[in-house]
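Architecture at a glance
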Amino acid sequence: MSMKARVLRAVGAHSFGMALTIVIQLVSLPLFLSYWDARTYGLWLMLSAIPSYLSMSDVGMVTVAGNRMMMALGRGDAAEANRVFQSAQVFMAGTCLASCLLVLALAWWLPLPTGEAVDGRLAVLLLSLAVLIALFGGLSEQVYRATQRSATAALAGNLCRLAEWVGSLVGLLLGGSFTAVALGALLCRAGGVLYTMHHCRFDSEGLRWGWQAACRHEIRAMVGPAFALMSFPVVNALSFQGVTLVVGATLGATTVTLFNAYRTLARTAVQASGVLSFSVWPEFSRLSGQGDVVGLRRLFLRTLTLTTAISLVLSIGLYLMAPTLLRLWSHGQIGFEALAMALMLIYAVIGGVWHVPRVLLQATNAHASLAAWSLPVAVALVLLSFALGHAWGVAGVSLAMLASEAALATLALVFCRRLLAAAPGRQEVVAR
């Protein structure tokens, strides 16, 4: 299958994932509220948010291992790819077990209402197990991606997510308790993961489940890039939740609703760019492993041009439609501020532009330098948002976001230029 065909299939699979996320978000609320009251559903949302923090317990190992597997197979070195794969299995098994024991110890200390304490704690345990199983099962998706089946990887991950959601609804219908909902989600997630672990073995090009080929050297080689990758979730938390808290503290809760609506609308352009950049991720890794700098540069520039055009066109269209969209979406409760929306959409255009450079750096495990700069930029964003928010309201916060995004985009492009100027076969080395 040609590269173009692989990328197009991956775009379709990632687009399905975006649509699935939207459907789950829209449908969950009315379905759950048809069985529970608002208080019970609110408590469920709080409980289900706790295990989500476990998703960071792999410290980026699954992604880094997948990149190394793709690069090794790109060089035709199946033995190295399998060694990386099995070393990642050892690491993930250990971290998942340690995380499970930690959750088991902490769950019983959750401050819950007396009548719902046991039910809530069991639900947290079951949901935590589902998250840990999903983390380990992510290695299956990396096998697909390493063997030129990235569309299958995206589809498998999304179908497992769909199965987990359907399982939670079955638990809601049959049991109605927190434990029943969590158990339904766990069983369906586990079933999906076991199936993908079995199915990915076909056409796996020598990648095998097991620990015989695992070695400490491979684990040590992956730990550094994996921890660097962990900085990005922290940066996202500061950039999104942190700025939201600043808006609430400086401008009030009502303004938070307006600000989040503007940002959600603007980031549609970034999400559209992400569909394409995530689809070419495996191709970046493969070309890097082959030492094909010319091909890597060509694919990068073409993807960058296309995502820039997508972000620009979508942002212009959103600005023109924003007054109508906001009025319909909020039933007239959120007004249109031209300057704030314009700044927010420029921020989104820049975010769409540098999505591809960031993916290139991550796909080649060359993200350490960008990760080192991202955290101080995110801290500066929070401080700048506080200062400009006091002075100019939502427009000031939007300007702070634009400035931080421009700084990160510049850094990402500089690091990509260095990477693409490297000698063939040395991309990953240069990054370190």
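Relevant structure appears above.
In short, a report on the structure. As the structure is a computational prediction, the values presented were derived from the model and not from experiment.

Reading the values: the criteria
- Residues numbered from 1 in each chain as written.
- Predicted model: local features only at pLDDT ≥ 70, side-chain atom pairs only at ≥ 80, totals over all residues.
- Heavy atoms only, no water.
- Helix = DSSP H or I, 4+ residues; strand = E, 2+ residues; numbered from the N terminus.
- Rg over C-alpha atoms; globule rule 2.2 N^0.38 Å.
- Buried < 20%, exposed > 50% of the residue type's maximum accessible area, 1.4 Å probe, protein only.
- Contact = heavy atoms within 4.5 Å.
- Lys, Arg positive; Asp, Glu negative; His and termini not counted.
- Charge placed at Lys NZ, Arg CZ, Asp CG, Glu CD.
- 1 Å grid on protein atoms, 1.4 Å probe; cavity = no way out; pocket = protein on both sides within 12 Å on 5 of 7 lines; lining within 4 Å.
- Points joined across faces, edges and corners; volume = space filled by probe spheres on them.
- Nonpolar A, V, L, I, M, F, W, Y, C, P; charged D, E, K, R; others polar.
- Core = buried A, V, L, I, M, F, W, Y, C linked by side-chain atoms within 4.5 Å.
- Axes fitted to C-alpha atoms, helices over the stretch in contact; angles between N-to-C directions.
- Parallel < 35°, antiparallel > 145°, perpendicular 65-115°, else oblique.
- Left-handed = near helix turned anticlockwise from the far one by under 90°.
- Salt bridge = Lys/Arg side-chain N within 4 Å of Asp/Glu carboxyl O.
- Phe/Tyr/Trp six-rings, centres within 6.5 Å; stacked < 30°, edge-to-face > 60°.
- Lys NZ or Arg CZ within 6 Å of the ring centre and 35° of its normal.

1. Brief notes about the overall build of the chain
Per the secondary structure count, the chain includes 16 helices and zero strands. Against the compact-globule benchmark of 22 Å for 432 residues, the chain has a radius of gyration of 22 Å, which places it among compact chains. Taking the principal axes of the C-alpha coordinates as reference, the chain spans close to 60 × 50 × 35 Å. Put simply, the chain has 432 residues, and 54% of those count as buried. When contacts within the chain are restricted to residue pairs at least 6 apart in sequence, long-range pairs at least 24 apart make up 82% of them. Between the averaged position of the 28 positive side-chain charges in the chain and that of its 16 negative side-chain charges there is a distance of 7 Å.

2. Description of the environment of Trp108
Within the secondary structure, Trp108 sits in the loop between α4 (78-107) and α5 (117-146). Residue class for Trp108 comes out partly exposed when judged on its relative accessible area of 40%. For the pair Trp108 and Val124, spaced 16 residues apart in the sequence, the C-alpha separation amounts to 9.6 Å.

3. Here we look at empty space enclosed by the protein
Applying the stated rule across the entire model yields one cavity of 30 Å³ or more. Lining the largest cavity are Ala134, Gly137, Gly138, Ser140, Glu141, Ala156, Gly157, Cys160, Arg189, Val193 and Thr196. For the lining of the largest cavity, the secondary-structure elements that each account for two or more residues are α5, α6 (150-174) and α7 (178-199). Here the residues of the lining of the largest cavity are counted per class, giving four nonpolar, five polar and two charged.

4. Brief notes about the nonpolar core
Counting residues in hydrophobic clusters, the biggest one holds 99 residues, and the most contacted among them are Met92 and Phe284. Top contributing element to this core by residue count: helix α15 (residues 368-420), with 19 residues. Ignoring anything within four residues of it in the chain, the contact list for Phe284 reads Leu296, Leu299, Phe300, Val356, Val359, Leu360, Ala363 and Thr364. Formed by 20 residues, the second largest nonpolar core is a distinct cluster that contains Phe32, Leu169, Phe178 and Ala182.

5. Concerning the packing of helix α13 (residues 338-353) against α15
Axis separation between α13 and α15 bottoms out at 8 Å; the angle between their running directions is 15 degrees. By the angle class used here, α13 and α15 are roughly parallel. Regarding α13 and α15, the two cross each other, and that crossing is left-handed. Side by side, α13 and α15 meet where Leu339, Ala340, Leu343, Met344, Ile346, Tyr347, Ile350 and Gly351 of the first sit next to Val394, Ala395, Ser398, Leu399, Met401, Leu402, Glu405, Ala406 and Ala409 of the second.

6. Regarding the layout of surface pockets
For the second largest pocket, the calculated volume is near 330 Å³. If you trace the second largest pocket, you find 14 residues lining it, with Lys4, Val7, Leu299, Arg302 and Thr303 closest to the centre. At the level of secondary structure, the elements contributing two or more residues to the lining of the second largest pocket comprise α1 (3-33), α11 (268-290) and α12 (293-329). Element by element, the count of residues in the lining of the second largest pocket is highest for α12, at six residues. Across the lining of the second largest pocket, the residue classes break down as nine nonpolar, two polar and three charged.

7. A few points about the pattern of salt bridges
As enumerated under the stated definition, the model contains six salt bridges in all. The partner of Arg68 in a salt bridge is Glu218, with the nearest N and O atoms 2.9 Å apart. Of this pair, Arg68 sits in helix α3 (residues 61-74) while Glu218 sits in helix α8 (residues 216-229), and the two are 150 residues apart along the sequence. Its relative accessible area of 8% is what places Arg68 among the buried residues. For Glu218, a relative accessible area of 3% puts it in the buried group. Where Arg286 meets Glu283, a salt bridge forms, and the shortest distance between an N and an O atom there is 3.1 Å. With Arg286 and Glu283 both in helix α11, this residue pair falls three residues apart, about one helical turn.

8. Description of the side chain of Ser315
Here Ser315 is to be found in helix α12. Residues contacting Ser315, with those up to four places away along its chain left out, are Ala269, Leu345, Ala348 and Val349.

9. Observations concerning the packing of aromatic side chains
Per the counting criterion, the structure on display carries 10 aromatic pairs. Summarising the aromatic geometry, the rings of Trp36 and Phe178 are spaced 5.3 Å apart at their centres and angled 85 degrees between planes, so their arrangement reads as edge-to-face. Separated by 142 residues along the polypeptide, Trp36 in the loop between α1 and α2 (38-49) and Phe178 in helix α7 bring together distant segments of the chain. Arranged with centres 6.0 Å apart and planes meeting at 25 degrees, the rings of Trp44 and Phe178 form a pair that is stacked. Here Trp44, found in helix α2, pairs with Phe178, found in helix α7; they are 134 residues apart in sequence, far enough to count as distant. Accessibility assignment for this pair places Trp44 and Phe178 in one class, buried. Within the aromatic cluster, the residues linked to one another by ring pairs are Phe32, Trp36, Tyr41, Trp44 and Phe178. Above the face of the Trp354 ring, Arg358 is positioned so that its terminal group lies 5.1 Å from the ring centre.

What is shown is where atoms sit, not what they do.
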